[in-house]
Amino acid sequence: MLDNETAVTLADLLDRVAGCKRDGFRFVTCTGLRSGDGIDVIYHFDRDYKMQHLRLHVQPGSELPSISPVYPGAFLAENELQDFLGLKVTGLPIDYHGHLFLTEDAPVAPMLKVVDKNDPGEGK
Amino acid sequence: MAGRIVIPFGPQHPVLPEPFQLKLTLEEEKVVEAVPAFGYIHRGLEQLIEKRDFNQMVFIVERVCGICTFMHALAYCQGIEQLMNVEVPPRARYLRTIWSELQRLHSHHLWLGLLADAMGFESLFMQSWKNREAIMDITEATAGSRIIISTCQIGGVRRDIDAALQGDLRKTLDQIEAELRQIEPVFRDDPTVRSRTVGKAVLTRERAIELSAAGPMLRASGVPQDIRLTGYAAYGELDFQPVTEEAGDNYARIIVRLRDIHQSIELIRAALDKMPGGDISVPVKGNPDGEVVSRVEQPRGEVLYYIKANGTKNLERLRIRTPTFANMAPVVHLLPGLELADVPILVLSMDPCLSCTER
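So, here is what we can say about the structure in this document.

Conventions we followed
- Residues numbered from 1 in each chain as written.
- Chains lettered and ligands numbered in written order.
- Predicted model: local features only at pLDDT ≥ 70, side-chain atom pairs only at ≥ 80, totals over all residues.
- Heavy atoms only, no water.
- Helix = DSSP H or I, 4+ residues; strand = E, 2+ residues; numbered from the N terminus.
- Buried < 20%, exposed > 50% of the residue type's maximum accessible area, 1.4 Å probe, protein only.
- Contact = heavy atoms within 4.5 Å.
- Lys, Arg positive; Asp, Glu negative; His and termini not counted.
- Charge placed at Lys NZ, Arg CZ, Asp CG, Glu CD.
- Rg over C-alpha atoms; globule rule 2.2 N^0.38 Å.
- Areas by Shrake-Rupley, 256 points an atom, 1.4 Å probe, with all protein chains shown as cover.
- Polar contact = N/O pair within 3.5 Å; in protein donor to acceptor, adjacent residues only side chain to side chain.
- Pairing = 2+ DSSP bridges.
- Axes fitted to C-alpha atoms, helices over the stretch in contact; angles between N-to-C directions.
- Expected span 1.5 Å × (residues − 1).
- Parallel < 35°, antiparallel > 145°, perpendicular 65-115°, else oblique.
- Left-handed = near helix turned anticlockwise from the far one by under 90°.
- Nonpolar A, V, L, I, M, F, W, Y, C, P; charged D, E, K, R; others polar.
- Disulfide = S-S within 2.5 Å.
- Salt bridge = Lys/Arg side-chain N within 4 Å of Asp/Glu carboxyl O.

Along its length, chain A carries 2 helices and 6 strands. For chain A, the succession of helices and strands along the chain, N to C, is β-α-β-β-β-β-α-β. Viewed in the frame of its principal axes, chain A has a C-alpha envelope of about 50 × 30 × 25 Å. Across the 124 residues of chain A, 53% fall into the buried class. A sequence separation of at least 24 residues applies to 48% of the contacts in chain A between residues at least 6 apart. Seen as two clouds, the 12 positive and the 19 negative side-chain charges of chain A have centres 6 Å apart.

Moving on to the overall build of chain B. A count of helices and strands for chain B gives 12 helices and 8 strands. The globule rule puts the C-alpha radius of gyration for 359 residues at 21 Å, and the 20 Å found for chain B is close to it. Looking at chain B as a whole, 62% of its 359 residues are labelled buried. Residue pairs in contact within chain B that sit at least 24 positions apart in sequence constitute 70% of those at least 6 positions apart. Accessible surface computed for chain B: about 12,300 Å², of which carbon and sulfur atoms make up 50%. In chain B, 41 positive and 47 negative side-chain charges are present, and the distance between their average locations comes to 3 Å.

A word on the environment of B:Arg300. Residues and elements named next belong to chain B. Examined against the element boundaries, Arg 300 turns out to sit in the loop between β6 (289–298) and β7 (301–310). On the basis of relative accessible area, Arg 300 is assigned to the buried category, the value being 2%. The sequence separation of Arg 300 and Leu 211 amounts to 89 residues, and the corresponding C-alpha distance is 16 Å. Those residues within four positions of Arg 300 in sequence are excluded, and the remaining contacts are Ile 67, Cys 68, Ser 107, Ala 214, Gly 215, Pro 216, Pro 323, Thr 324, Asn 327, Asp 351, Pro 352 and Cys 353. One polar contact links Arg 300 to Ser 107, side chain to side chain, over a distance of 3.4 Å. Engagement of the side chain of Arg 300 in a polar contact is seen with the backbone oxygen of Asp 351, the distance being 2.9 Å.

A separate point is the sheet that holds strand β3 (residues 38–47) of chain A. Adjacent strands of a sheet pair through backbone hydrogen bonds, lying either parallel or antiparallel. Residues and elements named next belong to chain A. What the 4 strands build is an open sheet, ordered β1-β4-β3-β2; its pairing is mixed. Every interior strand has two partners, whereas the edge strands, β1 (5–8) and β2 (26–35), have only one. Neighbour to neighbour, the strand axes of the sheet diverge by 25° on average, direction disregarded. Direction of pairing for β2 relative to β3: antiparallel, over a ladder of 9 bridges. Its bridge partner being in β3, Gly 32 is matched across the sheet by Val 41. Where helix α1 (residues 13–22) meets the sheet, it contacts β1, β3 and β4 (50–58), and its direction lies at approximately 175° from that of β4.

Our next topic: the environment of A:Cys30. The residue A:Cys30 is located in strand β2 in this model. For the pair A:Cys30 and A:Leu54, spaced 24 residues apart in sequence, the C-alpha separation works out to 9.2 Å. When neighbours within four sequence positions are excluded, A:Cys30 is seen to be in contact with A:Val41, A:Ile42, A:Tyr43, A:His44, A:Ala77, A:Glu78, A:Leu81 and B:Arg319.

What follows concerns helix α3 (residues 90–118) of chain B. Residues spaced three or four apart along an α-helix face the same direction, because each turn holds 3.6 residues. Residue and element names in this part refer to chain B. A rise of 1.5 Å per residue sets the reference length of α3, with its 29 residues, at 42 Å; its end C-alpha atoms lie 42 Å apart and thus fit the reference within 8%. Counting buried residues in α3 gives 24 out of 29 residues, a clear majority hidden from the surface. Downstream of α3 by a residue or two, Gly 120 has a phi angle that is positive, lying close to 90°.

Residues and elements named next belong to chain B. Running from amino to carboxyl end, α3 crosses helix α9 (residues 250–274) at an angle of 155°, the nearest separation of the two axes being 9 Å. By the angle class used here, α3 and α9 are roughly antiparallel. α3 and α9 meet at a crossing whose hand is left-handed. Each residue belonging to the contact of α3 with α9 can be placed in one class, and the counts come to 15 nonpolar, 3 polar and 6 charged.

A few words on the state of the cysteines. Residues and elements named next belong to chain B. Taken as a whole, this structure holds 0 disulfides over all chains when the rule is applied. Free cysteine: Cys 68, not disulfide-bonded; nearest cysteine sulfur from Cys 65 at 3.4 Å. When its relative accessible area of 0% is taken as the criterion, Cys 68 is described as buried. Distance from the sulfur of Cys 356, which forms no disulfide, to the nearest cysteine sulfur (Cys 353) is 3.5 Å.

It is worth spelling out the pattern of salt bridges at this point. Residue and element names in this part refer to chain B. Applying the stated criterion across every chain yields a total of 38 salt bridges over all chains. Here Lys 130 ties to Glu 179 by a salt bridge, and the two come within 3.4 Å at their closest N and O atoms. Taken together, the residues Lys 130 in helix α4 (residues 122–143) and Glu 179 in helix α5 (residues 163–189) connect sequence positions 49 residues apart.

This part covers the pairing of strand β2 (residues 21–27) of chain B. All names here are of chain B. Of all 7 residues in β2, 5 are buried, a share of seventy percent or more. Where strand β1 (residues 4–9) meets β2, 6 bridges bridge the pair, whose relative direction is antiparallel. Residue Phe 9 lies in a different strand from β2, and its bridge partner there is Leu 22. Here β2 folds back onto strand β3 (residues 30–37) in antiparallel fashion, the turn holding 2 residues, of which Glu 28 has a positive phi close to 55°.

This part covers unusual backbone geometry. Here the residue pair B:Gly10 and B:Pro11 is connected by a cis peptide bond, since its omega of 10° sits within 30 degrees of zero. Its identity is not glycine, yet A:Tyr49 carries a phi of approximately 70°, on the positive side. Considering the arrangement of structural elements, one finds A:Tyr49 in the loop between β3 and β4. We note that A:His97 has phi near 50°; this positive angle belongs to a residue other than glycine. With respect to the secondary-structure elements, A:His97 resides in the segment after β6 (88–90). According to the relative accessible area criterion, A:His97 is exposed, its value standing at 57%.

Here you go:
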């Protein structure tokens, strides 16, 4: 768990994000990661060099609303969630449909894959 | 209503050292819509945590960018050190500051040269890069190589800068400063430069914050946001204050970087004056555990590293948000309403780094 972290739900995500904006926070980015049987999306904000984080837990394949109507700079980071974790973000001003960075023939949601830690990988 | 046409700006374009594309919808010469396209150089570096242990990842993150490579390693190492409660020796913190500022100097000179070249100032381009060469030479002398210097490690740094090299570094700083005095007036005062930059692509303070701008793009709009002010490495002991300009236009973004260069020179001098003796690293044992966010101010702005570790040698998640990634939204916002001829200078004023953006 990060310092200054608050858990949010899909139902109150946009209200909490709007609250951050009202309180003068700057959106920095969001991070998606596997967490248990689901996915955590952490929204990172900054005000006067103090960070605040909102953590949303969702199931793989979930739809979540874009926070771009509140923070227009968020659309690229949200598109990354679609690329790497297969989440569907609704209401994006520019939607790359899972191909912001990944090509058409790239693996789908590569960060959802469970990795064999004993596989030495390339170059070994 | 005039007919609309779509112009592909990039992926190969004279002002783009790396590939990305802007699909520009134009009405006559005016941009009415801009959509960026990426994916030309995505390497999946974040996911290499699955194959490389947390010590090896220092060398991976250095390769996120070929310009601010040391600062990527610094942001990463600071995060791991926080997770493992490692206290870096004071001398190492100063050495980290010196190499960080050397890379800022080299990055900003690289950018000045590219800007001069884009505006047709061949001699100015060569003068800027001549100055950059002096920085690269002293970087090589102190660190052993010019670009990916690999001096940062978890627990400190790998190399020291002895008294003789400190003297050479001071001489180089004097030389860079003298050369800068020759070329700076052209960037500041030349009528052609001013006509292409003053009042162009104005990003207001409010929009800069709302659009999550970073670095010179944000500070040129009057926002004194610079992660060095948090005091990481030795910045907390060097009387650092962020450089800002108020106009928010292309010209203000040039001036911020010029002033950044002077500030970097002074920061290195101050670091050399105050650098204490002692060890340059501490031994680190065990594996990291927990979650942390680490931030560093790169030449293009704030870089954020989110690290999640689980007590094993492999991290669970590494997320890198680079400054160009943050500055794409402001640029996309600024493009509509701009003349096509002004697009290259706006794009350059962001100082785009696509290797960072796509990782």
